[in-house]
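Summary of the model geometry
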Amino acid sequence: MQKKLDSLLAAAGIALPDQQKQQLIGYVELLHKWNKAYNLTSVRDPMQMLVRHIMDSIVVNEHLQGSRFIDVGTGPGLPGIPLAIVRPDSHFTLLDSLGKRVRFLRQVQHELGLKNVEPVQSRVEEFEAQPPFDGVISRAFASMQDMLSWCHHLPQKGEGRFYALKGMRPDDELAALPEGITLESVIKLQVPELDGERHLIILSAN
C-alpha cells in the first residue's frame, strides 16, 4: 500500500512527510476493517480506496483558504479525514447524522492521534456554528441548491466559502444559484488513476 500511495502522490505532484503517509494508510486500513460490519463505503478494495477516497480528497487541499472547516455529510470522514491529515494546522468538524459513522470517526481520531478533528452527530440544519467556519466542504452530499439552503448559516459572512466536490461540471446547478451566492471558480481536478471527471466548485456568500 505504501508503494501504491507513493506512486499516486508522485503522479499528482504532492509531497507529504512520512508520518502523514502512514496516517493516510492507517485510515484506509481502519476503513477496510470497519467496512465489513458498518458498510461505510461501496469501495471494498484498499488499493481502490487510495485512489477513490484518499487522492480524491487531498487534491482539493491546495484550493482551500482558511483554517476552520466543516465537512457536512462526511460519511466515513470523506474528504475531512484525509484533508485533516495533510493539513494538520487546520481544524475540521466532521458532521454526520448517523451514529455508526460518528463512532467510526471517533475510533479513527483515537487510533491515528488526530488532534484537529471533531466528529459531531447532528443534522446539518440543526448544527450551530460557533463561531462560523472559513469553509463548508461537501462531497457527494446533495445538490448545490440543497447544500446552500441547509448550510447557509455555517460560513463566515463575506469571508467564508462553500467547497462542493462534484463529478461532471454541474452547469445546470451553477445556472440556478440563489441570490447572494457568487461563483468564485470551477476547478477541474486531476486525480491519478480515477475514471471520470472531478470538479471543485467554490462559492462565496455575500
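Residues numbered from 1 in each chain as written. Predicted model: local features only at pLDDT ≥ 70, side-chain atom pairs only at ≥ 80, totals over all residues. Heavy atoms only, no water.

1. Regarding the sheet that holds strand S2 (residues 91-96)
This is how the line gets drawn: DSSP bridges decide pairing: two strands pair if at least two such bridges lie between them. What counts as a helix is a DSSP run of H or I of at least four residues, what counts as a strand is a run of E of at least two, and both are numbered from the N terminus. Whenever a helix is involved, its axis is fitted only over the stretch in contact; in every case the axis is a line through C-alpha atoms, and angles between N-to-C directions fall within 0 to 180 degrees.
Taking strand neighbours across the sheet as the criterion, the 7 strands line up as S3-S2-S1-S4-S5-S7-S6 in an open arrangement whose pairing is mixed. Only two strands of the sheet have a single partner each, and these edge strands are strand S3 (117-121) and strand S6 (181-188). Between one strand axis and the next, the sheet turns by 20° as a mean value, whatever way the strands run. Two elements, strand S5 (residues 161-166) and strand S7 (residues 199-205), share 6 bridges in a ladder whose sense is antiparallel.

2. Regarding the pairing of S5
To be explicit about the condition: Residue burial is assigned from relative accessible area. The probe radius is 1.4 Å, only protein chains are included, and a residue is buried under 20% of its type maximum, exposed over 50%, and partly exposed in between. Look down the strands so they point away from you; if going from the first strand over the helix to the second traces a clockwise path, that crossover is right-handed.
The element S5 is extensively covered by neighbouring structure, given that 6 of its 6 residues are classed as buried. Here S5 shows two buried faces, one formed by Arg-161, Tyr-163 and Leu-165 and the other by Phe-162, Ala-164 and Lys-166. Where strand S4 (residues 135-139) and S5 come together, 5 bridges link them in parallel fashion. The residue of S5 that forms the bridge with Val-136 is Phe-162. Read from S4 through helix H6 (residues 144-151) to S5, the crossover connection turns out right-handed.

3. Comments concerning the UniProt feature "binding site: S-adenosyl-L-methionine" (unreviewed entry) in the protein chain
The criterion, for reference: UniProt positions are given in the numbering used here, feature names are shortened, and annotations may be inferred rather than shown by experiment. The contact criterion used throughout is that any non-hydrogen atoms of two residues lie within 4.5 Å. As used in this structure description, the phrase polar contact means that two N or O atoms lie within 3.5 Å; if the pair is within protein, one of them must be able to donate a hydrogen and the other to accept it, and residues adjacent in sequence are counted only when both atoms belong to side chains.
Listed under "binding site: S-adenosyl-L-methionine" (unreviewed entry) in the UniProt record, and renumbered for this structure, are Gly-73, Leu-78, Val-124, Glu-125 and Arg-139. With respect to the helices and strands, the residue Leu-78 is situated in the loop between strand S1 (68-72) and helix H4 (80-86). On the basis of relative accessibility, which here comes to 5%, the residue Leu-78 falls in the buried class. Residue contacts for Leu-78: discarding those within four places in its chain leaves Tyr-27, His-53, Ser-57, Asp-71 and Arg-139. Structurally, Glu-125 can be placed in the loop between S3 and S4. Reaching out from Glu-125, the side chain makes a polar contact with the side chain of Arg-123 at a distance of 2.8 Å.

4. Some points on the packing of helix H1 (residues 2-12) against helix H3 (residues 46-58)
Filter applied, for reference: Throughout, a crossing is termed right-handed when the near helix is turned clockwise from the far one, and left-handed when it is turned anticlockwise from it by less than a right angle. Residues were grouped as follows: Ala, Val, Leu, Ile, Met, Phe, Trp, Tyr, Cys and Pro as nonpolar; Asp, Glu, Lys and Arg as charged; and all remaining residues, including Gly, as polar.
Two elements in contact, H1 and H3, have axes whose closest approach is 11 Å; the angle formed by their N-to-C orientations is 35°. The element H1 and its partner H3 pack so that their crossing is right-handed. Residues Lys-4, Leu-5, Leu-8, Leu-9 and Ala-12 of H1 form the contact with H3, whose own contacting residues are Met-47, Leu-50, Val-51, Ile-54, Met-55 and Ile-58. Within the contact of H1 with H3, the residues separate by chemical class into 10 nonpolar, no polar and 1 charged.

5. A few points about the nonpolar core
Let me state the cut-off plainly: Residues grouped as a nonpolar core are buried Ala, Val, Leu, Ile, Met, Phe, Trp, Tyr and Cys residues, joined through side-chain atoms within 4.5 Å.
In terms of nonpolar packing, the biggest core is built from 46 residues, with Tyr-27 and Phe-104 touching the most fellow members. Of all the elements in the fold, those that place two or more residues in this core are H1, helix H2 (18-38), H3, H4, S2, helix H5 (99-112), S5 and S7. No other element matches H2, which puts 7 residues into this core. Dropping the residues within four chain positions of it, Phe-104 is found in contact with Tyr-27, Leu-30, Leu-31, Trp-34, Leu-40 and Pro-76. Counting residues in hydrophobic clusters, the runner-up holds 22 residues, among them Phe-162, Leu-177, Ile-181 and Ala-205.

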